[in-house]
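# Architecture at a glance
Residue strings, one per chain:
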Amino acid sequence: MSADTIDFETATPAEIRRFLRPAPQQRTVTRRSTDGDDLGQVDLDPDIFGIEPNQAVLHQVVTAQLAAARAGTQSTKTRSEVRGGGVKPFRQKGTGRARAGSSRSPVWIGGGVALGPKPRSYAQKTPKKMKTLALRSALSDRATLGHIALVDEWSFEVPSTKAAIASLKALGLEGRVLVVLSEDDFVADRSFANLPDVQTLLAGELNAYDILVNDWVVFTDETLPQAKVISSVEVDVVEDDDGNVVEVIATEVDVVVDATGHVTDVVETRVEEVLDADGEIEALIETEVDLEIGRDGSVTDVTETEVVEVADDDEEEQS
């Protein structure tokens, strides 16, 4: 069964949902300066800004976020915590009234509260994948409306509310605006602090709720969510018994991480140089292994390519 076809009789419900899910759309945003000058178009990551928003996940994550923000400090006293009531109010029999053992019973004025609230936590456990999907859904919703803005950097030399207002006007932003900053944008943070319709947030604190309650989301080149590549290189030198270098092996590993922190691709490149007695390169062998990682962490595709170059006859083989 290929990626373009599916057997609905044998497929699981999750596989059917993934098959029927629309492909992410490629969207662009105009990159501008703080003065409003057009600096060209930038492609947005389709896996972050181009998916179909999941309304159910958005509702659950936002509800959990609002619940976690509740203080949970409300408290009432039970009949055992209310002061007084240690003496039986009246005798058991002969009064014609219902028997009572304490004046601090919940049915008495000034008594305790039955089943009243106590300090508690309202936090809900939300899976990390749901939070990630909700964040991507919220960003995709704003991108669909064309309410994603991008500036190269906030070039405020000193905190200035007047300069912040001028920048928002030059960018054409109206309504509530969420400005996503980096840790070095403290001057911009102070510039927007006095504007009631502007909310500032660090890139690491970006969440679905703050995106949905604002009309516009403004990123800089540094805070725009996009895939990142983490590279590492290791070089091994092989010597013979006489101490002569006969082989040099360089291994480079590139790990592609999307803006949500998930590893999407792992590429291992191995370059092996075989040297002759004079130290000249006799053969060059380059091997590349590309592993594609799915959202669940499993390997979805493996591609291996090997190129052999021989110095003497300039032969090249590729598989």
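As a reminder, the structure under discussion sits directly above these lines.
Quick caveat: nothing in here was measured; it's all calculated off a predicted structure. (Residues numbered from 1 in each chain as written. Predicted model: local features only at pLDDT ≥ 70, side-chain atom pairs only at ≥ 80, totals over all residues. Heavy atoms only, no water.)

Counting secondary structure elements, the chain contains 7 helices and 12 strands. Against the 2.2 N^0.38 benchmark of 20 Å for 319 residues, the chain shows a C-alpha radius of gyration of 32 Å, more extended than a compact globule. Taken along the three principal axes of its C-alpha coordinates, the chain extends 120 × 55 × 55 Å. Looking at the 319 residues of the chain, the share that counts as buried comes to 32%. Within the chain, contacts between residues at least 6 apart in sequence are counted, and of these 53% link residues at least 24 apart. Separation of charge centres in the chain, based on 31 positive and 60 negative side chains, amounts to 39 Å. (Helix = DSSP H or I, 4+ residues; strand = E, 2+ residues; numbered from the N terminus. Rg over C-alpha atoms; globule rule 2.2 N^0.38 Å. Buried < 20%, exposed > 50% of the residue type's maximum accessible area, 1.4 Å probe, protein only. Contact = heavy atoms within 4.5 Å. Lys, Arg positive; Asp, Glu negative; His and termini not counted. Charge placed at Lys NZ, Arg CZ, Asp CG, Glu CD.)

The next point concerns the sheet that holds strand β3 (residues 148-151). Taken in spatial order, the 6 strands line up as β2-β1-β3-β6-β4-β5 in an open sheet, and their pairing is mixed. Looking at which strands have only one partner, the edges of the open sheet turn out to be β2 (38-43) and β5 (198-202). With strand direction ignored, the average angle separating the axes of adjacent strands in the sheet is 30 degrees. Here β3 pairs with strand β6 (residues 216-220) via 4 bridges, running parallel. By the bridge assignment, alanine 149 is partnered in β6 with valine 218. (Pairing = 2+ DSSP bridges. Axes fitted to C-alpha atoms, helices over the stretch in contact; angles between N-to-C directions.)

A few words on the packing of aromatic side chains. Summed over all chains, the structure comprises 4 aromatic pairs. Ring geometry for phenylalanine 49 versus phenylalanine 219: centroids 6.2 Å apart, planes at 90 degrees, classification edge-to-face. Placement of the pair is phenylalanine 49 in helix α2 (residues 46-49) and phenylalanine 219 in strand β6, with a sequence separation of 170 residues. Per residue, the accessibility class of phenylalanine 49 equals that of phenylalanine 219, and both read buried. With a centroid separation of 6.0 Å and an interplanar angle of 65 degrees, the aromatic rings of phenylalanine 156 and phenylalanine 192 are classed as edge-to-face. Highlighted residues: phenylalanine 156 in the loop between β3 and α5 (161-171) and phenylalanine 192 in helix α6 (residues 186-192), separated in sequence by 36 residues. (Phe/Tyr/Trp six-rings, centres within 6.5 Å; stacked < 30°, edge-to-face > 60°.)

With 14 residues, helix α3 (residues 55-68) ought to run about 20 Å at 1.5 Å a step, and its terminal C-alpha atoms sit 20 Å apart, in line with that. Within α3 the residues assigned to the buried category are Val57, Leu58, Val61, Val62, Ala64 and Ala67. Tucked inside the fold, the buried residues of α3 contact α4 (128-144) and α7 (208-212). The backbone nitrogen of alanine 56 lies 3.3 Å from a side-chain oxygen of the residue at the head of α3, namely asparagine 54. (Expected span 1.5 Å × (residues − 1). Polar contact = N/O pair within 3.5 Å; in protein donor to acceptor, adjacent residues only side chain to side chain.)

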